[in-house]
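The residues making up each chain are set out below.
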Amino acid sequence: MDTHVRSEEAYRLMHDGILALARAERQGIRVDMEYVERKRIQLARRMQQLEDSFKATSLYRHWEHSTKGKVNINSGVQLGNFLYGVKKIEPTRFTDTGKGSTDEEALQELAIPELEFLVKRNKYKKALDVLEAFAREQVDGYIHPFFNLHLVRTFRSSSDSPNFQNIPKRDAEMYSICRKALFPRPGHQLLEVDYGQLEVRISYCYNRDPKLEYDIMHGDMHADMAREIFILDSLDKSRSDHKVLRQAAKNGFVFPQFYGDYFKNCATNIANGWCKLPKGKWSKGMGVTFEEGNISDHLISKGIKSFSAFENHIKRIETDFWEKRYPDYTAWKDRWYETYKKYGYIDMFTGFRCWGPMSRNDSINYPVQGAAFHCLLWSFIQLDKLLLSEGLQSRLIGQIHDSMILDVLPEELEYLKEKIHKITCEDLPATWKWIIIPLEVDMEVYPVDSPWIEEK
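In this report, the structure presented in the accompanying data block is examined. (Residues numbered from 1 in each chain as written. Predicted model: local features only at pLDDT ≥ 70, side-chain atom pairs only at ≥ 80, totals over all residues. Heavy atoms only, no water.)

**Topic: the state of the cysteines**
Next up, step 1: Counting across every chain of the model gives 0 disulfides.
Next up, step 2: Free cysteine: C425, not disulfide-bonded; nearest cysteine sulfur from C375 at 11 Å.
Next up, step 3: What makes C425 buried here is its relative accessible area of 13%. (Disulfide = S-S within 2.5 Å. Buried < 20%, exposed > 50% of the residue type's maximum accessible area, 1.4 Å probe, protein only.)

**Structural notes on the pairing of strand β13 (residues 403-408)**
In the case of a regular strand, side chains alternate between the two sheet surfaces.
Next up, step 1: In terms of residue burial, β13 counts as a mostly covered element, since 6 of its 6 residues are buried.
Next up, step 2: Alternating residues of β13 divide into S403, I405 and D407 and M404, L406 and V408, and every residue in both groups is buried.
Next up, step 3: Bridge count between strand β7 (residues 189-195) and β13: 6 bridges; the pairing is antiparallel. Bridging across to β13, Q189 finds its partner in V408.
Next up, step 4: Strand direction decides the pairing type here: strand β12 (residues 395-400) and β13, joined by 5 bridges, are antiparallel. Its bridge partner being in β13, I400 is matched across the sheet by S403.
Next up, step 5: The hairpin turn running from β12 into β13, its antiparallel successor, is 2 residues long, and H401 in that turn takes a positive phi close to 55°. (Helix = DSSP H or I, 4+ residues; strand = E, 2+ residues; numbered from the N terminus. Pairing = 2+ DSSP bridges.)

**What to know about the sheet that holds β7**
Next up, step 1: In spatial order, the strands read β12-β13-β7-β14; together these 4 strands make up an open sheet with antiparallel pairing. Looking at the sheet topology across the chains shown, the edges are occupied by β12 and β14 (441-445). Along the sheet, successive strands turn relative to each other by an average axial angle of 20°, direction set aside. (Axes fitted to C-alpha atoms, helices over the stretch in contact; angles between N-to-C directions.)

**Regarding unusual backbone geometry**
Next up, step 1: S161 connects to P162 through a cis peptide bond whose omega is -5°.
Next up, step 2: By the secondary structure assignment, P162 is in the loop between β5 (158-160) and α7 (172-179).
Next up, step 3: The backbone of K276 shows a phi angle near 60°, a positive value even though the residue is not glycine.
Next up, step 4: Looking at the element boundaries, K276 is found in the loop between α12 (263-274) and β8 (289-290).

**Thoughts on the sheet that holds strand β2 (residues 29-31)**
Next up, step 1: Judged by pairing direction, the sheet is antiparallel, and its 3 strands sit side by side in the order β3-β2-β6 without closing on themselves. Looking along the sheet, the strands with just one partner apiece sit at the ends: β3 (142-143) and β6 (182-183).
Next up, step 2: Looking at chain direction, β2 and β6 are connected through 2 bridges and run antiparallel. From the neighbouring strand, R30 faces β6, where its bridge partner is F183.

**A short note on the packing of aromatic side chains**
Next up, step 1: For the coordinates displayed, the defined rule picks out 28 aromatic pairs.
Next up, step 2: Aromatic side chains F258 and W322 sit 6.1 Å apart centroid to centroid with 65° between the ring planes, which places their arrangement in the edge-to-face category. Within this pair, whereas F258 is found in helix α11 (residues 240-258), its partner W322 is found in helix α14 (residues 307-325), the two being separated by 64 residues in sequence.
Next up, step 3: The lysine or arginine in question, R179, covers the ring of W452, its NZ or CZ lying 3.7 Å from the ring centre. (Phe/Tyr/Trp six-rings, centres within 6.5 Å; stacked < 30°, edge-to-face > 60°. Lys NZ or Arg CZ within 6 Å of the ring centre and 35° of its normal.)

In short, geometric facts, not functional conclusions.
Next up, the structure:
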């Protein structure tokens with residue numbers, strides 16, 4: 001795989017971006033080292049308890065007896081050989097090399113009670129790894145993560161020493177444990193600026209599907225798909241149970257479909273991951289609950305009585321999603337991939353070219369992911385210039401995917417919020433004319449002297 005900068009504007013974006021990110025690295029982020037040390041001890045103790053509980057199960061004893069040598073519970077390869085080779089369990093997910101996956105989602109979807117000890121233990125290990133990286137890399141109570149622009153094929157950023165972009169987010173407990181360690185400078189507060197639906201909006205700039213534009217501006221595709229998937233007459237986002245079903249549709253179907261996944265994985269993600277329904281035939285009282293009862297009761301009443309039936313249901317929804325809901329998006333994907341096969345490369349709207357061997361999904365996803373990040377990078381650069389030119393005391397301190405994190409002097413907060421909105425939502429589209437849909441940002445403000453978890 002090779003990449004090229006095709007224009008002076010693209011080169012300038014990388015050049016200025018490196019300098020702006022370097023200033024964020026130098027600024028650093030304050031770490032509560034007392035909290036880190038205390039939490040490291042607690043996590044290590046909890047991990048040991050879960051490990052002991054797992055080793056007391058018959059599943060572990062079978063693994064131990066079937067393994068030549070010593071069992072390494074940190075080895076995904078060894079665990080996979082046992083589960084899928086010795087136990088002959090059917091994998092729910094596969095690695096890029098075609099082997100059964102042993103990542104968190106895959107183990108949870110197997111619905112083996114004994115594995116829950118291992119899954120929970122591995123979650124704590126991820127959080128412990130993050131805190132240990134903070135402790136290892138901190139200097140005088142501050143970490144200074146590197147932000148790189150030369151390692152990712154789509155010209156997105158990466159981070160290391162420590163990896164600021166690898167803080168667990170999907171698990172609320174691990175998310176809280178890690179972010180509670182990070183603070184603003186004394187007397188300051190943290191501000192997180194997140195582009196809303198950025199990659200979906202950028203994808204519209206490529207495919208120009210009118211239904212996608214309507215859904216972005218006026219509709220709610222996640223609620224629509226939740227109604228279809230769970231056969232609901234209506235969906236009320238203010239209800240906590242309906243909110244779970246909407247999230248299941250969003251993260252289990254809509255986003256995976258946009259990134260090229262297919263119905264079998266989506267059905268597994270939704271049924272086993274979100275709804276806690278096993279593979280096979282369902283009976284009453286299974287899965288997550290909502291006001292009407294268990295999700296299995298509801299689906300059974302609608303004629304979906306097993307995982308197999310649910311999988312076929314998702315297959316029909318997938319067909320309708322691409323053939324009827326977003327036909328112009330589908331046509332663009334076909335045209336885009338044919339163009340790649342003809343020329344052997346793809347060009348982004350932001351002046352970068354990716355060429356060499358790519359899968360169909362890669363050739364479709366790269367221009368969207370790359371251009372979306374470049375929108376954030378452009379905004380990061382302009383905001384960095386503003387802070388320096390006006391002599392403000394607030395500083396950019398990091399970047400994660402579609403968001404920027406600032407260490408803000410409280411007296412400058414309202415002024416900065418106004419300027420940030422202008423840069424991100426007005427100046428950027430005015431500069432890059434190919435952005436043909438309005439952009440939005442969400443701003444999360446955290447209290448003065450509070451960690452990066454206590455939202456205001």
